[in-house]
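Letter by letter, the chains look like this.
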Amino acid sequence: EAAVTQSPRNKVTVTGGNVTLSCRQTNSHNYMYWYRQDTGHGLRLIHYSYGAGNLQIGDVPDGYKATRTTQEDFFLLLELASPSQTSLYFCASKDRANTEVFFGKGTRLTVV
Amino acid sequence: AQKVTQTQTSISVMEKTTVTMDCVYETQDSSYFLFWYKQTASGEIVFLIRQDSYKKENATVGHYSLNFQKPKSSIGLIITATQIEDSAVYFCAMRDSAGNKLTFGIGTRVLVRP
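Treat the numbers as computed from the prediction; the structure is a model and nothing was measured. (Residues numbered from 1 in each chain as written. Chains lettered and ligands numbered in written order. Predicted model: local features only at pLDDT ≥ 70, side-chain atom pairs only at ≥ 80, totals over all residues. Heavy atoms only, no water.)

Asks: Which parts of the structure should I look at to understand the state of the cysteines?
Replies: All names here are of chain A. All chains considered together, the criterion is met by two disulfides over all chains. Across a sulfur-sulfur distance of 1.9 Å, C23 and C91 are joined as a disulfide pair. Note on the C23 and C91 pair: the S-S dihedral is about -75°, so by sign convention the disulfide is left-handed. Taken together, the residues span a long stretch of sequence, with C23 in strand β3 (residues 19-25) and C91 in strand β9 (residues 87-94) at a distance of 68 residues. (Disulfide = S-S within 2.5 Å. Helix = DSSP H or I, 4+ residues; strand = E, 2+ residues; numbered from the N terminus.)

Asks: When you look at the pattern of salt bridges in this model, what are you seeing that I'm missing?
Replies: If charged atoms from side chains of opposite charge come close, those side chains can pair. Residues and elements named next belong to chain A. For the coordinates displayed, the defined rule picks out seven salt bridges over all chains. Here E79 and K65 are joined by a salt bridge, their closest N and O atoms 3.1 Å apart. Placement of E79 in the loop between β8 (73-78) and β9 and of K65 in strand β7 (residues 65-68) is noted, with a sequence separation of 14 residues between them. The partly exposed category is assigned to K65, whose relative accessible area is 46%. (Salt bridge = Lys/Arg side-chain N within 4 Å of Asp/Glu carboxyl O. Buried < 20%, exposed > 50% of the residue type's maximum accessible area, 1.4 Å probe, protein only.)

Asks: Help me out: how do you make sense of the packing of aromatic side chains in this one?
Replies: Centre distance and the angle of the planes are the two values used to describe a pair of aromatic rings. For the coordinates displayed, the defined rule picks out 17 aromatic pairs over all chains. An angle of 15° between the planes, with centres 5.7 Å apart, marks the rings of Y33 of chain A and Y48 of chain A as stacked. In this pair, Y33 of chain A sits in strand β4 (residues 31-38) while Y48 of chain A sits in strand β5 (residues 42-49), placing the two residues 15 residues apart along the sequence. With a relative accessible area of 10%, Y48 of chain A lands in the buried category. Aromatic side chains Y37 of chain B and F47 of chain B sit 5.8 Å apart centroid to centroid with 65° between the ring planes, which places their arrangement in the edge-to-face category. Residue Y37 of chain B is found in strand β5 (residues 32-39), and its partner F47 of chain B is found in strand β6 (residues 45-52); the two are separated by 10 residues along the sequence. The class for F47 of chain B is partly exposed, based on a relative accessible area of 26%. Among the aromatic side chains, those forming a connected cluster through ring pairs are Y31, Y33, Y35, Y48, Y50, F90 and F103 of chain A together with F35, Y37, F47, F91 and F104 of chain B. (Phe/Tyr/Trp six-rings, centres within 6.5 Å; stacked < 30°, edge-to-face > 60°.)

Have a look at this one:
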């Protein structure tokens, strides 16, 4: 089964702070995703990528940047964190042919 | 734009009974893919079962099965012989044939009581 590893698992930062969430997948999947999960909203797509150097805008991109540096690594950047970005963030990946998506264990981010 | 709606926020059932969860979707595509995922108490999200829109037969995996009603844009999840460990949040999701975005519903929390 595909392995998707997120780090850190928990993070607390101050308003206006700079945060980078990391994601690595080890199955050479083409697609990688960043979602946020909030009560009453389910999972919402922030950004996704279909390969190194590629970035696609998701449904809730405001306040977030992302970068896919390699096939394995996808980063989510919050350059001016706000309390509204307090959330549980999930990274996910999938192969081009296989439509099943594999999720990481999540990163809980608190902006105080 | 795609939309996935789960109207049941929580369901409570007795162990060993059957639970059914609803999901309706909106799409302009003629071909699409529907999924159900489970989020456990630890927060882990795992894939359960999938239905391709062009298939008429309802998908079944273990004690999970789907009730796919294409004219109603509905994809219900049925769990038979429930166990305590089926207690979780269940998400319905949809992917269109053109892109690779998954759109999720808000989830249904299921509690299986002993």
